[in-house]
Amino acid sequence: MSNLKLGVEVVSAHNLMPKDGQGSASAFVELHFDNQKFRTTTKEKDLNPVWNESFYFNISDPNNLSNLNLEAWVYNLVKTTNSKSFLGKVRLTGTSFVPYSDAAVLHYPLEKRGIFSRVKGELGLKVFLTDDPSIRSSNPLPAMESSVLTDSHRTQAQGPVQQVQNIVQNMVQGAFSNDKDKAEARHTFHHLPNTNVPQQQHHSSAAMSQEPGRFGADQMRAEPQGPRIVRMFSGSASQPLDYQLKETSPILGGGQIVGGRVIRADKPASTYDLVEQMHYLFVRVVKARDLPTKDVTGSLDPFVEVRVGNYKGITKHFEKNKNPEWNEVFAFAGDRMQSSVLEVVVKDKDMLKDDIVGFVRFDLSDVPTRVPPDSPLAPEWYRIANSKGEKNNGELMLAVWYGTQADEAFPDAWHSDAASHHDSSAAGSSYIRSKVYHSPRLWYVRVTIVEAQDLVTTEKTRFPDVYVKAQIGNQILKTKPTQARTLNPLWNEDLIFVVAEPFEDHLMLSVEDRVGPNKDETIGRTIIPLNAIEKRAEVRHDDRIDRSRWYPLEKAYVMDVDQGKKDKKDKFASRLRLCLFLEGGYHVHDESTHYSSDLRPSLKQLWLRTPSIGVLELGILNADGLHPMKTRDQKGTSDTYCVAKYGQKWVRTRTIMNSLSPKYNEQYTWEVYDPATVITIGVFDNCHVGGSNGNRDLKIGKVRIRISTLETGRVYTHSYPLLVLHPNGVKKMGELHLAIRFSCTSLMNTMLIYSRPLLPKMHYIKPFTVMQQDMLRHQAVNIVAARLSRSEPPLRKEVIEYMSDMDSHLWSMRRSKANFFRLMSVFSGLIAVGKWFGEVCTWKNPITTGLVHVLFVMLVCFPELILPTVFLYMFMIGLWNYRGRPRYPPHMNTKISYADNVHPDELDEEFDSFPTSRGSELVRMRYDRLRSVAGRIQTVVGDVATQGERFQALLSWRDPRATTIFLVFCLLVALVLYITPFQVLALVAGFYHMRHPRFRGRLPSAPINFFRRLPAKTDSML
């Protein structure tokens, strides 16, 4: 019998509907699950009851958990009739249940029972799964027979084991696949490379009627097409022709792409329809048996060498083993094979020269073709022949077949186009394989330092000048020192940290006493495991008061964190009051807020509130004209790979060796939860394969594509220029050819997303400061880089920082100018309208001025037409602009970035380290330049403040004569407005403002002269 149980903690309710006729209610909760019912106690006369009661339900069939529902009914107890009245209900589906480690208290709005129900308020529940055998299910209560309900049986929830997490994971995946029948709405998409694709997933409704293509003379290849230049910005924002986006029409697995549409070929489409089919010869070397010896000693150190023409792959060797097992796969590119014979040679590893044990030859014309979803080709035993052609020297198990990059063996295979000349072994290809990575789930840790009590200092004659130092890993934060003359200091400060799952670090807090300049003394310390900190989804008004705890401070000379042992410890009564939470309602920014690819909160339970709105497919086709990043054999070359990042999923293509025009042809897929997100694709040079880059992967360029700019179902095939800013100016490092498609599964959900907050609500309820956001983002990027750098192959720190724009917040004169001109571009429309109206007022075109007069009279006489006219005008402008709408995703623009004519010294300043590493004279010159720029900004700010102070001076009597004149003017205007209709005044003012130039003077008007004479506070400035 399964021990799996559902735990439900009924925490509290808020703002319930009064039902007792006296403005209150006596509430209790009934829980229903799997034919079991439990009831909480009754909280009398309380619209905000707090229960904190736990219940455990037996789960009869864990495999049917996703079809079960938990219902929580809130009732009001009517004592006079011993009955109950309905206050609201909450219904949770089985797909929302999570293990105890991922559970947090969520406050659910109460739902109506019927159309005429009056319900308000919310119910706080914590729902989780556990299979701890020590926990027994709660005892069901009898039917309500009295007005007082007995307390329910309570037990403490325990953490589940891995079995529960696997059940929940499978259940949630099944719910997502069953919730929307995505297979009927679109293609079945898989990651490429895909190491473990179930066979049944290939049978989608779109693909069942199509058979995959075969390897032969009629294979589809990308024919050279003349790329069409796409101008992304018009007017002054246009950039050089070589830096612009180029639309292409390649022939991919689904057919030829023309104008974003797929023109199907005569042959069936491939599953990977956004990349060109690349054909490979696969050779799987499984094992050998009964190999003969070659050495005098009778030992054998075998390895296998696979040859096709000039390409050679080598397995690892085994020492003194006549029956080795390799199970390694080699993939030879079909377009590079220059031989019709495949040779598989077994050799004996030797110090001077490797001896040939035997070989097997294959005629490539006899090799079969395998296309998924066919089962893998079964390996066969082949007798190896010696140099004389005799086949009595052991056997070798092999499998040889033709396939494409859709083959399951492709990701982990040794590739001939990605092989190094220095290392042809399959083991040496670990740094050049394509892989999929997942970022760790990040959390904010809020540490509220409330107060300390009974501090003990070494010097009894003075009061301590204390502060608290908190540390998690490499993150160290301190509170402000309190100088209160007491041994019970009070801080009430929040310290925010970033941590990643699994929580391996500890929170270390120490109370420090500043006994002198640069000299601090530790009064006491405490260590708290992060696993022991409570997770919460939102901030309640009573969290800090009710959930703070006292932690004893220990004065220890040595503290063992892992075992929790303290040696040489002084026991004393000092303690520290803390309020600790793992904030699950925030989204932890690990990339620039302008280029975010994921906006979901940390708590997985909240993810179910934002269902997927579509699928993003990316085909990384090839790169062209890359700049050489290293020198090999006295020739410039590059060993490049691509990295794509969207959400928590990072993908890395295989490394193509010695090529300035590499072909990747790999396809990947992401779920999309918000259209206001950006996918980033970067190209890098691999430093692990014979490079001399100082052990750093060099950046070649990157591309950003915003999902909201993509039309649904359209295939975008463009060649993106890789533009990189160097200290000597902007430089084109090559072009990256991409195919991208966004498929929307629910148009209604996509439209509703635009009305919801961009970030989780915790960012608005309890927001962080700008300084905190920058600091936390920096820490988050460091954590992600440290975690992914430990993968195999690693995603290096410089790659993570470049993809995440880690240095985007640093000062740059070029970027400041670019932002200023962007601001001017935003207001250019208003400036143009102002110039046009000035021309109307000066009667530059009398016909236009006359029409404006007529329109003005109509709007004044019928003011109810003003707003409809404005919105109708905007509607007509939108329809007019539809013809010239952008049909292609925007790309990096050197004109907008102000990178085409930037001064070299400004670029040198932008690439300078922080703190600076330049000479003192250069730093002094740049400081003086910054002072001059700041001086001009200071003058503008002062002028704006002067105009505001003059408005204040109208009624402040700072200039008594001016205030007297203004008061008399206000009185006269009030009398005139009382007796004159508003339309008449508006017409007079409008006609006066648009009067003919012959009635205008060249001198400023009287109101302007009066305003300029008003005093400001500039005469009080030092």
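Just above sits the structure.
In what follows, the accompanying structure is described. (Residues numbered from 1 in each chain as written. Predicted model: local features only at pLDDT ≥ 70, side-chain atom pairs only at ≥ 80, totals over all residues. Heavy atoms only, no water.)

Should their charged atoms come close, side chains of opposite charge can pair. Enumeration over the complete set of coordinates arrives at 53 salt bridges. Residue R39 pairs with E30 through a salt bridge whose shortest N-O separation is 3.5 Å. With respect to class, R39 is no different from E30; both count as buried. For the salt bridge of R370 with E408, the shortest nitrogen-to-oxygen distance reads 3.0 Å. Remark: E408 occurs in the loop between strand 21 (395–404) and strand 22 (414–415) and R370 occurs in the loop between strand 19 (355–363) and strand 20 (380–383); sequence separation between them is 38 residues. We classify E408 as partly exposed; its relative accessible area is 23%. (Salt bridge = Lys/Arg side-chain N within 4 Å of Asp/Glu carboxyl O. Buried < 20%, exposed > 50% of the residue type's maximum accessible area, 1.4 Å probe, protein only. Helix = DSSP H or I, 4+ residues; strand = E, 2+ residues; numbered from the N terminus.)

We now examine the packing of helix 9 (residues 828–841) against helix 10 (residues 846–861). Two numbers describe how helix 9 lies on helix 10: the axes approach to 8 Å, and their chain directions differ by 100°. As judged from the angle between their axes, helix 9 and helix 10 are roughly perpendicular. Residues W836, E839 and V840 of helix 9 touch helix 10, and the partners they reach there are T848, T849 and V852. In terms of residue class, the contact of helix 9 with helix 10 is made up of three nonpolar, two polar and one charged. (Axes fitted to C-alpha atoms, helices over the stretch in contact; angles between N-to-C directions. Parallel < 35°, antiparallel > 145°, perpendicular 65-115°, else oblique. Contact = heavy atoms within 4.5 Å. Nonpolar A, V, L, I, M, F, W, Y, C, P; charged D, E, K, R; others polar.)

So, on to helix 9. When the terminal C-alpha atoms of helix 9 are compared, their 20 Å separation across 14 residues agrees well with the 20 Å that a helix rising 1.5 Å per residue should span. Positioned one or two residues after helix 9, W843 has a phi angle of 55°, which is positive. (Expected span 1.5 Å × (residues − 1).)

Summed over the entire model, instances satisfying the criterion amount to 28 aromatic pairs. Centre to centre, the rings of W73 and Y75 are 6.3 Å apart; their planes meet at 10°, and the pair counts as stacked. In this pair, the class of W73 matches that of Y75, namely buried. A centroid spacing of 6.4 Å and a plane angle of 75° characterise the contact between Y646 and W670, whose relative ring orientation is edge-to-face. Taken together, the positions of Y646 in strand 38 (residues 640–646) and W670 in strand 40 (residues 663–672) put the pair 24 residues apart, joining distant regions of the chain. W670 matches Y646 in its accessibility class, with the two residues each being buried. (Phe/Tyr/Trp six-rings, centres within 6.5 Å; stacked < 30°, edge-to-face > 60°.)

It is worth spelling out the environment of E53 at this point. Position of E53 among the secondary structure elements: in strand 4 (residues 50–58). For E53, a relative accessible area of 0% puts it in the buried group. Separated by 42 residues in sequence, E53 and V11 place their C-alpha atoms 6.6 Å apart.

With an omega of -5°, the peptide bond between E501 and P502 qualifies as cis. Tracing the backbone through its elements, the reader meets P502 in the loop between strand 27 (490–500) and strand 28 (506–516). The linkage connecting E792 with the following residue, P793, adopts the cis geometry, with an omega of 0°. Turning to its location among the elements, P793 is positioned in the loop between helix 6 (770–788) and helix 7 (797–803). One non-glycine residue, K320, lies in the positive phi region at around 50°. Tracing the backbone through its elements, the reader meets K320 in the loop between strand 16 (311–314) and strand 17 (325–333). One non-glycine residue with positive phi stands out, namely Y898, at about 60°.

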